[in-house]
Amino acid sequence: MSRITLSRFLIEQQRKAGTLPPELRLLIETVGRACKAISYSVNKGALADVLGEAGTGNIQGEAQKKLDVIANDYLLDANEWGGSLAAMASEEMELPYHIPGEYPKGEYLLMFDPLDGSSNIDVNISVGTIFSILRCPHGIDHATEGAFLQPGTEQVAAGYTVYGPQTLLVLTFGSGVHGFTLDREQGSFVLTHPDMKVPESTGEFAINMSNMRHWDAPVKRYVDELLAGSTGPRGRDFNMRWVASMVAEVHRILTRGGIFMYPRDARTPDQAGKLRLMYEGNPMAFVVEQAGGAATNGHQRIMDIQPQKLHERVAVFLGSKEEVERVTAYHAEQR
């Protein structure tokens, strides 16, 4: 039986009436090619002199790794000339990136976190790329920040690539979640995880426990119950995981269930959370919901949030539906 590559999968989806527009298919393929290039650079590591600090900072005030910059450039270069995009936005850049004048423009907007979890690069732990695709509002010839400020429900596609022992591309365009493994010999992504589902129940949770003293009361209550295990109110034991890479955490949840939490904390009371709504919260919420899970900020569905700025932050609780609903209910009781 022949293997189904990403290109074949997307073409077959395009042939189904109205499932996948041709221009969107081409855009997803182009993102996939950029992720292959990033994967090769990540895997070469010190052999290609791509480890360590770049000596620059991003709009978030964070030190950039060399691979942050390299991955960002790969995605810009691969996508600027194809004719599918009106503009791009990156976690690593303050303002939207406009398509150069010599290239045609399309109807879509691409947003991405080029290298999520980049603090893990130098210690050889999984990192990844997260992307989100929106339609550019009609009548806009020059897409400024305002064109991107759409709730997550408006996403037409989203996904991530995780660069680990294997490189996997996980994708949704609103009809389920499908995973593709990079075959390095053939140079193509191959469908290996069709119709991925998040189990409704779980015995695992992921959170940075070192921040516990800064959490809001509902989060402390929920985690205390998990830690109490079989002797506490939940009556069963839970295992904790923490990779410090959202891509790796979400991929584990898609594979075997769990809940990932990155709540707001008292050290930055003026911020709604740590993660970025447009580059991390919305695309991952879309993927997880399409796989049967749930994603909230503790109070409301993440994809219902109306963004106010390009680099807006958000608290994140996502994964197995039963656990996300429980911790969200604890926040509601606290009001």
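As shown above, the structure is provided for reference.
In this text, all values refer to a predicted model and were calculated from it rather than measured experimentally.

Novice: Lay out the sheet that holds strand β17 (residues 316-319) in plain terms, naming residues and giving numbers.
Specialist: In space, the 5 strands of this open sheet follow the order β12-β11-β13-β17-β15, with mixed pairing throughout. Since the sheet does not close on itself, it has two edges, and those belong to β12 (239-241) and β15 (294-296), each with one partner. Adjacent strand axes in the sheet meet at a mean angle of 15° when their direction is disregarded. Inspection of the sheet shows β15 paired to β17 by 3 bridges, in the antiparallel sense. The residue bridging Ala 294 from the neighbouring strand is Gly 319, located in β17.

Novice: Quick rundown of helix α7 (residues 277-290)? Include the residues and the values.
Specialist: For α7, a buried count of 12 out of 14 residues is recorded, marking the element as mostly surrounded by other parts of the structure. Backbone geometry just downstream of α7 places Gly 292 in the positive-phi region, at approximately 95°.

Novice: Could you give an account of the packing of helix α2 (residues 22-44) against helix α3 (residues 66-79), naming the residues involved and the relevant values?
Specialist: Relative orientation of the contacting elements α2 and α3 amounts to 150°, with a least axis distance of 9 Å. Judged on the interaxial angle alone, α3 and α2 are roughly antiparallel. Handedness of the crossing formed by α2 with α3: right-handed. Between α2, through Leu 27, Thr 30, Val 31, Ala 34, Ala 37, Ile 38, Ser 41 and Val 42, and α3, the contact on the second element is made entirely by Leu 67, Ile 70, Ala 71, Tyr 74, Leu 75, Ala 78 and Asn 79. The residue inventory of the contact of α2 with α3, partitioned by class, reads 12 nonpolar, 3 polar and no charged.

Novice: Can you break down the sheet that holds strand β9 (residues 178-183) residue by residue, with the values?
Specialist: An order of β4-β3-β5-β6-β7-β8-β9-β10 is seen for the 8 strands of this open sheet, with the pairing classed as mixed. Every other strand in the sheet has two partners, leaving β4 (97-98) and β10 (188-193) as the edge strands with one partner each. Pairing geometry for strand β8 (residues 167-172) and β9, over 4 bridges, is antiparallel. Paired with Leu 168 across the two strands is Thr 181, which belongs to β9.

Novice: Talk me through the pattern of salt bridges; I want residue IDs and the actual numbers.
Specialist: Should their charged atoms come close, side chains of opposite charge can pair. Throughout the structure, instances matching the rule amount to 18 salt bridges. Note that Glu 12 and Arg 8 form a salt bridge whose closest N and O atoms lie 2.9 Å from each other. Taken together, the residues Glu 12 and Arg 8, both in helix α1 (residues 6-15) and 4 residues apart, mark about one turn of the helix. A relative accessible area of 33% places Arg 8 in the partly exposed class. Here Glu 204 makes a salt bridge to Arg 256, at a shortest N to O gap of 3.1 Å. Here Glu 204, found in strand β11 (residues 204-206), pairs with Arg 256, found in helix α6 (residues 246-256); they are 52 residues apart in sequence, far enough to count as distant. Given the relative accessible area of 46%, Arg 256 is considered partly exposed. Several salt bridges converge on common partners, so that one network encompasses Glu 204, Arg 241, Glu 249, Arg 252 and Arg 256.

Novice: Go over the packing of α1 against α2, please, and point to the residues and values.
Specialist: Following both chains from N to C, one finds α1 and α2 inclined at 165°, their axes separated by 10 Å at the closest point. In terms of orientation, α1 and α2 fall into the roughly antiparallel class. The two elements α1 and α2 meet at a crossing, and its hand is right-handed. Judged by residue contacts, Ser 7, Leu 10, Ile 11 and Gln 14 of α1 engage Pro 22, Arg 25, Ile 28 and Glu 29 from α2. Here the residues of the contact of α1 with α2 are counted per class, giving 4 nonpolar, 2 polar and 2 charged.

Novice: So, empty space enclosed by the protein: which residues are in play, and what are the values?
Specialist: Under the criterion given, the structure shown has 1 cavity of 30 Å³ or more. Roughly 50 Å³ of volume is contained in the largest cavity. Every residue lining the largest cavity is listed: Ile 207, Asn 208, Asn 211, Trp 215, Trp 242, Met 261, Tyr 262, Pro 263 and Asp 265. Of the residues that constitute the lining of the largest cavity, the class distribution is 6 nonpolar, 2 polar and 1 charged.

Basis of the calculations
Residues numbered from 1 in each chain as written. Predicted model: local features only at pLDDT ≥ 70, side-chain atom pairs only at ≥ 80, totals over all residues. Heavy atoms only, no water. Pairing = 2+ DSSP bridges. Helix = DSSP H or I, 4+ residues; strand = E, 2+ residues; numbered from the N terminus. Axes fitted to C-alpha atoms, helices over the stretch in contact; angles between N-to-C directions. Buried < 20%, exposed > 50% of the residue type's maximum accessible area, 1.4 Å probe, protein only. Parallel < 35°, antiparallel > 145°, perpendicular 65-115°, else oblique. Left-handed = near helix turned anticlockwise from the far one by under 90°. Contact = heavy atoms within 4.5 Å. Nonpolar A, V, L, I, M, F, W, Y, C, P; charged D, E, K, R; others polar. Salt bridge = Lys/Arg side-chain N within 4 Å of Asp/Glu carboxyl O. 1 Å grid on protein atoms, 1.4 Å probe; cavity = no way out; pocket = protein on both sides within 12 Å on 5 of 7 lines; lining within 4 Å. Points joined across faces, edges and corners; volume = space filled by probe spheres on them.

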